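Okay, here's what each chain looks like letter by letter:
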Amino acid sequence: MAILNMLSSYSWDAKVVLTLAAFAVNFGEFWLLVQLCTTNSLAKSVALLKQLPDVLEHSQTLKPHLEALNKLIKAMIDVTKCMVEFTELPTEYISSEVPPMSIALAHIPTAAYWTIRSVVACAAQITSLIGLTHEFVTSTSEAWELSSLAHKVSSIHEHLQKLLRLCYQRIDEMKQREAFDDFKRTIETPQMDVVRILIKIFRKEDPHVLLSPEKTKVQIDVLRRKHVLLLISDLDISHDEIQVLELVYKYERVSTELNYEIVWLPIVDQSAWNDGYEQKFTNLQSIMPWYTMSHPSNIEPAVMKYAREVWRFVKKPIVVTLDPQGKVTCTNALNMIWIWGNTAFPFSTEKEATLWKAETWTIELLVDGLEQNLPTWIKDQKVICLYGGEKMEWIESFASATKGIAASLEIGLEMVYVGKNNAKERVKKITALINEKQISHTWQDASVWFFWNRMESMLYSKTQHGKPDETDVIKQEVMTILGYDGSEEQGWAVFFFGSTEMVRANGEKMLSSMQKFDQWEVFARQMGFVPGLRKHLEGITDDHHCTRLILPGISGEISERVVCAECGRPMEMYFMYRCCVE
């Protein structure tokens, strides 16, 4: 209490620091000699000069006393450092009037009292050691008192450390919020140069945060006066996506001399980073022909937060486009890239809307350039059938019956198997069987993936720019085919004659219609195959059907009202979580 009264004009942390300093000045030399005299010859000689032979003689007997002293002194220093650390916290990020800082400050006087009391106890113990007596050597009460104080002070330190961690957590949250608000303000304010935005995206420690397509470190300035496409994904981006995007970027872009570059921003949880993630990142980086980050840790955490909260990145990759002035022109241009490729440049929301106005539902839109023979088939006036599913028995029965009808009508027929969405390994096996039995044309794995990915992209893009579902033919047809694919049916098929004349149905209806050709043969011979089949299907009523439209989570909203492709009634919405190694 005398020490506290003497230091009454000082703050609590200063009281403790001054007391500990005074203790060190008065007893530090003795403490060093006692600790080192048994192992260091110089310390032993100095101890003899200081006339401390009794301490040297009883060094083993005094070991419990010395260990208790050492433990308590360490606890005192830990608490003192912790108290000082509280005073050095940045006040602009944490207030002393709200928890956890207010709780910590309320515990500081108690911590100061017990630390100073411990200093007094240590001083008394060392004074007793200097005036060594036999009774002191054999007594254990002093060692017990020090151990008790050490336990008390250590408990105080643990509690303060817990509060200190909470304070740092609060400070980090405030800093991240400040950085988030700063990035949001910057990217939503008109700029003069895209580089200003890119500087905010990357951490400032390393000026060479980018790797060029040639895998050399470059500065951000190389992207000045260019359109920049930010490819945002995690480390599970598929090789199919990279390969198709490479085709658009590396070949089509160069041939048309378009002024844009792609930069990959991998969004990952840095706290879970390990050697496995490092290897995965390196492998992906090595196969990407565009600009990449030198390391994911170079991306500002605020940018990751903005990507998730504002650009709505979840799992599926997105592409955010910036014009040369740094303005965000589309929060996900990947949909239009899949649909139109470089025709959609500069990949703005306005360009996407313009492209949709010029589109109609045709087989060219559905197939894009996936089937090289398509123009020839249309020119030769052949009936073209695209079909999907994963039931081999249905595929064989449907193809056999359809070919029989084509032969009977003496019309040209070309059939193409387009697989099933998100069933890569199963589709691969079915494709092999179809090729082996020469049932129909098939596509490579990448083409099957791209077909279904484009279908989903068309739906998402249409949702943002299209008409209401009831009047948007393209959206209705896309949803219908996706609904066929997601349902537990045997398969599905769509027939085209020319670019626009078409008919489609689920697998059960199609197979039944082919097997009952005699019921609509007259229509087929009078009107043509496609109109005749459509007239026949219109006369079939469903007693029961179960249609499912399964869509992956992605940025952008899907309208809550979706109508059934079979009966036109509103479908119920469910949430589905799936883990599929395929």
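Computed from a prediction, not measured in an experiment: that's the story for all the values here.

Peer 1: Help me get a handle on the overall build of the chain, residues and values and all.
Peer 2: The number of helices and strands found in the chain is 23 helices and twelve strands. Within the chain, buried positions represent 48% of all 582 residues. Counting contacts in the chain only where the partners sit at least 6 residues apart, residues at least 24 apart contribute 70% of the total.

Peer 1: Describe the sheet that holds strand β2 (residues 217-218), and please don't skip the residues or the numbers.
Peer 2: Pairing in this open sheet of seven strands is mixed, and the strands run β2-β1-β5-β4-β3-β6-β7 from one edge to the other. With one partner strand each, in any of the chains shown, β2 and β7 (328-330) form the two edges of the open sheet. Relative to strand β4 (residues 260-266), strand β3 (residues 227-233) runs parallel, the two sharing seven bridges. Looking across to β4, one finds that Leu231 is bridged to Trp264. Contacting β3, β4 and β6 (318-322), helix α9 (residues 194-201) runs over the sheet at an angle of about 25° to β3.

Peer 1: Give a description of helix α23 (residues 529-538) that names residues and reports values.
Peer 2: Judged by how many residues are buried, α23 sits mostly within the fold: seven of ten residues are covered. Phe529, Val530, Pro531, Gly532, Leu533, His536 and Leu537 are the residues of α23 that are buried. Buried residues along α23 sit against β8 (383-388), α17 (392-409), β11 (492-497), β12 (501-506), α21 (507-515) and α22 (521-527).

Peer 1: Provide a residue-level description of the nonpolar core, including the pertinent values.
Peer 2: Formed by 98 residues in total, the largest nonpolar core has its most connected members in Tyr387, Phe398, Phe495, Met514 and Phe529. Take this core: its biggest share by element is nine residues, from α17. Judged by nonpolar contacts, the second largest core, of 46 residues, contains Phe30, Leu89, Cys122 and Cys167.

What counts as what
Residues numbered from 1 in each chain as written. Predicted model: local features only at pLDDT ≥ 70, side-chain atom pairs only at ≥ 80, totals over all residues. Heavy atoms only, no water. Helix = DSSP H or I, 4+ residues; strand = E, 2+ residues; numbered from the N terminus. Buried < 20%, exposed > 50% of the residue type's maximum accessible area, 1.4 Å probe, protein only. Contact = heavy atoms within 4.5 Å. Pairing = 2+ DSSP bridges. Axes fitted to C-alpha atoms, helices over the stretch in contact; angles between N-to-C directions. Core = buried A, V, L, I, M, F, W, Y, C linked by side-chain atoms within 4.5 Å.

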